[in-house]
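Remarks on the overall topology
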Amino acid sequence: MLAALVPAGAAAEPLTLLAFGDSLTAGYGLPPEEGFVQQLQGWLAEHGAEITVLNGGVSGDTTAGGLARIDWALTPEVDAMIVTLGGNDLLRGLPPEEARANLDAILDRANERRLPVLLVPMTAPGNYGPDYKAAFDAIYPDLAEAHGARLAPPFLAPILAQEDRAAAIAAYIQPDGLHPNAEGVALVVEGLGPEVLDMLDSAE
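Sequence positions are assigned chain by chain, starting from 1 and proceeding in written order. At least 70 in pLDDT is required for a residue's local features to be given in this predicted model, at least 80 for side-chain atom pairs to be given and counted, and no such filter applies to totals for whole chains, interfaces and linings, which use all residues. Here the side-chain values reflect all heavy atoms present in the structure, with hydrogen atoms and water set aside.

Notes on the packing of aromatic side chains
Given two aromatic rings, one states the distance between the centres and the angle between the planes to describe the pair. Formally: Note on ring pairs: Phe, Tyr and Trp rings are taken, using the six-membered ring of Trp, and paired if centres are within 6.5 Å. Classes follow the plane angle, with under 30 degrees stacked, over 60 edge-to-face and the rest tilted. For helices the rule is a DSSP run of H or I covering at least 4 residues; for strands it is a run of E covering at least 2, with both sets numbered from the N terminus onward. A 1.4 Å probe rolled over the protein chains alone gives each residue an accessible area, and that area as a share of the maximum for its type sets the label: buried under 20%, exposed over 50%, partly exposed in between.
This structure, assessed with the given rule, holds 4 aromatic pairs. On the numbers, 6.1 Å between centres and 10° between planes, the contact of Tyr 132 with Phe 136 is stacked. In this pair, Tyr 132 and Phe 136 are both assigned in helix α6 (residues 130-137), 4 residues apart and thus about one turn of the helix distant. Like Tyr 132, the residue Phe 136 is buried in the burial classification.

In structure tokens, the structure reads:
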């Protein structure tokens, strides 16, 4: 079904997937070959998908930063997109309504290009209060439904959902307490890889 996304006469060309996000996407603190983009591309190749994954991650980017650069990031060769933004909005305690508006506009740009999108949510911590958490956490399922995007599990879910969370953080998160190490990225890719394939397969 992946071939349905390739124009007639161009079946030999690999699909191009834009991984659009912040430091989690960019591979902060890791050599390029151990970062999210390279590991995802390797995982996809191992599962028979000839896909070129572009690194559209900018460390420190908020949803507003993503919106500011989405038009030039969506180059003509992009066939699909993963969106992983919102973590820096949370770190700064920015209003959920601003993050919602920015992500909504980013997804609008993808819709204009008729691109399939995998939206990867961020989960707000409880220290901002229950109202903030409820408002922020609702952004991603609401926008996925509104735009027809596929909703993935949270980026770090494969790490944080393990039975011994403290041990998982020690084993799979860098000393900064925020970014996965190479082994942690491998777990993330194992979780998101099938979502990427399903997103492409279900696209018309």
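The structure having been displayed, the exposition proceeds.
Structural notes on the pattern of salt bridges
For the record, the criterion: Salt bridges are defined as contacts in which a side-chain nitrogen from Lys or Arg sits within 4 Å of a carboxyl oxygen from Asp or Glu.
Taken as a whole, this structure holds 6 salt bridges when the rule is applied. In this structure, Arg 100 and Asp 142 form a salt bridge, with 2.9 Å as the shortest nitrogen-oxygen distance. Taken together, the residues Arg 100 in helix α5 (residues 96-112) and Asp 142 in helix α7 (residues 139-147) connect sequence positions 42 residues apart. Residue classification places Asp 142 among the partly exposed residues on the basis of a relative accessible area of 37%.

Quick notes on the sheet that holds strand β3 (residues 80-84)
Just so we agree on the cut-off: Any two strands between which DSSP finds at least two bridges are classified as paired.
Across the sheet, which stays open at both edges, the 5 strands sit in the order β2-β1-β3-β4-β5 with parallel pairing between neighbours. Edge positions in the open sheet fall to β2 (51-57) and β5 (150-151), since each of these has one partner strand only. Strand direction decides the pairing type here: strand β4 (residues 117-119) and β5, joined by 2 bridges, are parallel. Paired with Leu 119 across the bridge in β5 is Leu 151.

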